[in-house]
Amino acid sequence: MSTLPVIAAVDGSDDSLRALDWALDAARRRAAPLRVVHVRQYAPWGQPEVLIAGPPEPDDDDILNAVRTRLRGPAAGQAVEYVALSGAPAAVLPALGTEAQLLVLGSRGRGGFASLLLGSNSLAAARAAECPVVVVPRPGRDPGAAATAGEHGEPSAGPGPRVVVGADVDDPDDATLAFAFTEAGLRGARLRVIAAYRWPALPLPAPGGLVPSGIDQAAVEHETRTLTEDLLAPHRARHPDVRADALALPGDAAGNLVAASGGAALVVVGRHRRRLLAPAPMMGSVTQAVLLHAASPIAVVPPAPPEESAPPRD
C-alpha cells in the first residue's frame, strides 16, 4: 500500500467534519498517515502585489486546533499531520492530489448557497485532482425506492458492506475498476459492478419515418454482461478474495448508480480522459449526476495515464 497520505480538507463545517471522520477510517485501512489541511482563502480585497511572507502556522489556525481536539481520542495511534495553507481553495485543493493517495472532502463547505447540492471546491477537486477524490455527502439524500433493489427487478445486494462501481463497456477504464476492487478488499465488502445499456433501442431511419430497430433486449443484456465479465476477469484474478457481481441494467448509467447507492459504503465512478479537442480536465455527465444525487460517499477516479509510446525500432 502506498505511504502517501490520505488528505482530508477541513473548513470547520459539519460537511468537512464528516469527511474528516471518513478520511481517518480510510487512512487506517490503508495503513497510511492522515494529513488534515485547512485552506484559508485570500480576502477578496487583498492586493495581489502584496507578497505573503509564508504559509500560516498550523498552531495559529483555529480550525485545525478544533480538529486536533476532535481527533485526540479517535486518532490515537494514528499518524496525523496538520497543514494550514493560504490561497483559493478551488485551486489549492486539486493541486494536493499530486502528493496524496486519496483526497477527501465534504459535499459543501461553509460558503456558497445553502441550496447547492455540491460545493465549487469539491467539484473542482473531483474534476482536476491527480489522485482519487472522495466526496462525502450530507446525510438524508434519498436515492429513491430502487436503492436496495435494481430499478428493473434486480435482486437486492444482500447483507454486509457493499461497494458499487460503474463499468462502461464501450470505453472501459481499468483505473476505476482497480480502485473499486482495492476498496472492496480493504472493507471486506462485496463489489457490485453496474453496466448500463441504452433501452429502448433507438429506432432506425427509413423512408417515410422511423421503424423499430428490431434489436432483442435479451441479446443486448447478454452481450453487455459478457463484455463486463471480460473486463472484470483480470481484476478478479488479482483480488480473489473480493466477490464481484456484474449487473447489466437498462436505462441511464447515472440513474442506476444513484439507485444502487442507498446503503452502499462507497460508489466509484471514473473521470473522462482528456481528449485532443478538449484538453482540460472533464468529469462527464454521469459522474457529475452521481456526485449530486448519490446517497453514499462517492469516489471519483482519474483515468490511468496513457501508456508511453514505444521507442522507434532501429
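Just so we're clear, the structure is a prediction, and the values are computed from it rather than from any experiment.

How should the overall build of the protein chain be read in this particular structure?
Each helix and strand counted, the protein chain has eight helices and twelve strands in total. Counting across all 314 residues of the protein chain, residues that qualify as buried make up 44%. Long-range pairs, those at least 24 residues apart, make up 79% of the contacts in the protein chain between residues at least 6 apart in sequence. Summed over its atoms, the accessible surface of the protein chain is roughly 16300 Å², and 57% of this surface lies on carbon and sulfur atoms.

Help me understand helix H6 (residues 217-238), please; the structure alone is not making it clear to me.
An α-helix turns once every 3.6 residues. As a result, residues three or four positions apart point the same way. Compared with an ideal rise of 1.5 Å per residue, which puts 22 residues at 32 Å, H6 spans 32 Å between its outermost C-alpha atoms and is within 8% of the ideal. At Leu-232, H6 is bent by approximately 40 degrees, the largest bend along its length, and proline Pro-234 sits one to four residues beyond. Residues Thr-224, Thr-228, Leu-231, Leu-232 and His-235 constitute the buried set of H6.

Please clarify how the packing of aromatic side chains should be interpreted in this entry.
In this description, a pair of aromatic rings is defined by centroid distance and the angle of the planes. The tally for this structure, following the rule as stated, stands at zero aromatic pairs. Looking at Arg-68, its charged tip hangs above the ring of Tyr-82, at a distance of 4.5 Å from the centre.

Hey, could you run me through unusual backbone geometry in this one?
What is expected of a backbone is that most residues other than glycine have negative phi and most peptide bonds are trans. Of note in this structure, Ala-31 is not a glycine but carries a positive phi near 50 degrees. Within the secondary structure layout, Ala-31 lies in the loop between helix H1 (14-30) and strand S2 (34-40).

Explanation requested: the packing of H1 against helix H2 (residues 62-71) in the structure shown.
The description of two packed helices rests on the angle between their axes and on the distance between the axes. Between H1 and H2, the shortest axis-to-axis distance is 12 Å and the interhelical angle comes to 50 degrees. In this view, H1 runs oblique relative to H2, as classed from their interaxial angle. Crossing hand, H1 versus H2: right-handed. Listed contacts from H2 to Leu-17, Leu-20, Asp-21 and Leu-24 of H1 are Val-67, Arg-70 and Leu-71. Considering only residue class, the contact of H1 with H2 consists of five nonpolar, no polar and two charged.

So what exactly am I meant to see when it comes to the pairing of S2 here?
Within a regular strand, side chains alternate between the sheet's two faces. With six of its seven residues buried, S2 lies for the most part within the structure. Relative to S2, strand S1 (residues 6-9) is paired through four bridges, and the arrangement is parallel. Looking at S2, one finds that Ile-7 is bridged to Arg-35. Inspection of the sheet shows S2 paired to strand S3 (residues 80-86) by seven bridges, in the parallel sense. Within the sheet, the bridge partner assigned to Val-39 lies in S3 and is Leu-85.

When you look at the confidence of the model for the protein chain in this model, what are you seeing that I'm missing?
Mean pLDDT over the protein chain works out to 82, with 75% of the residues at or above the 70 mark. Model confidence for the protein chain, summarised as mean pLDDT per element, is weakest for strand S9 (residues 209-211) at 46 and strongest for S1 at 97. Confidence drops under pLDDT 50 across residues 308-314; counting only partners more than four residues distant or on other chains, this segment forms zero contacts.

Analysis parameters
Residues take numbers from 1 onward in each chain, read along the sequence in its written order. Two thresholds apply to this predicted model, a pLDDT of at least 70 for residue-level local features and 80 or more for giving and counting side-chain atom pairs, whereas whole-chain, interface and lining totals are computed over all residues. Hydrogens and water are ignored here; the side-chain numbers use all heavy atoms of the structure. Helix numbers and strand numbers start at the N terminus; a helix is a DSSP run of H or I with at least 4 residues, a strand a run of E with at least 2. Burial here depends on accessible area, computed with a 1.4 Å probe over protein chains only, as a share of the maximum for the residue type. Under 20% is buried, over 50% is exposed, and the range in between is partly exposed. In this analysis, two residues are considered to be in contact whenever any of their non-hydrogen atoms come within 4.5 Å of each other. Each accessible area is a Shrake-Rupley estimate made with a 1.4 Å probe; only the visible protein chains count as cover when residues are assessed. Each helix should span, by expectation, one fewer than its residue count multiplied by 1.5 Å. Throughout, bend refers to the angle between the axes fitted to the seven residues that end at a position and the seven residues that start at it. Pairing of aromatic rings covers Phe, Tyr and the six-membered ring of Trp, with a centre-to-centre limit of 6.5 Å; geometry is then stacked below 30 degrees between planes, edge-to-face above 60, and tilted otherwise. Throughout this description, the term charge over a ring refers to an Arg CZ or Lys NZ atom that lies within 6 Å of the ring centre and within 35 degrees of the ring normal. Here the axes come from fitting lines to C-alpha atoms, over the contacting stretch only for helices, and the angles between their N-to-C directions go from 0 to 180 degrees. Throughout this description, any angle smaller than 35 degrees is read as roughly parallel, any larger than 145 degrees as roughly antiparallel, any in the 65 to 115 degree range as roughly perpendicular, and the remainder as oblique. Two helices cross in a left-handed way if the nearer one is turned anticlockwise from the farther one by less than a right angle. They cross in a right-handed way if the turn is clockwise. Gly is put with the polar residues, along with every residue not named as nonpolar or charged; the nonpolar set is Ala, Val, Leu, Ile, Met, Phe, Trp, Tyr, Cys and Pro, and the charged set is Asp, Glu, Lys and Arg. Whether two strands pair depends on DSSP finding at least two bridges between them. Across the chain, each position has a pLDDT score giving the predictor's confidence in that residue, from 0 to 100.

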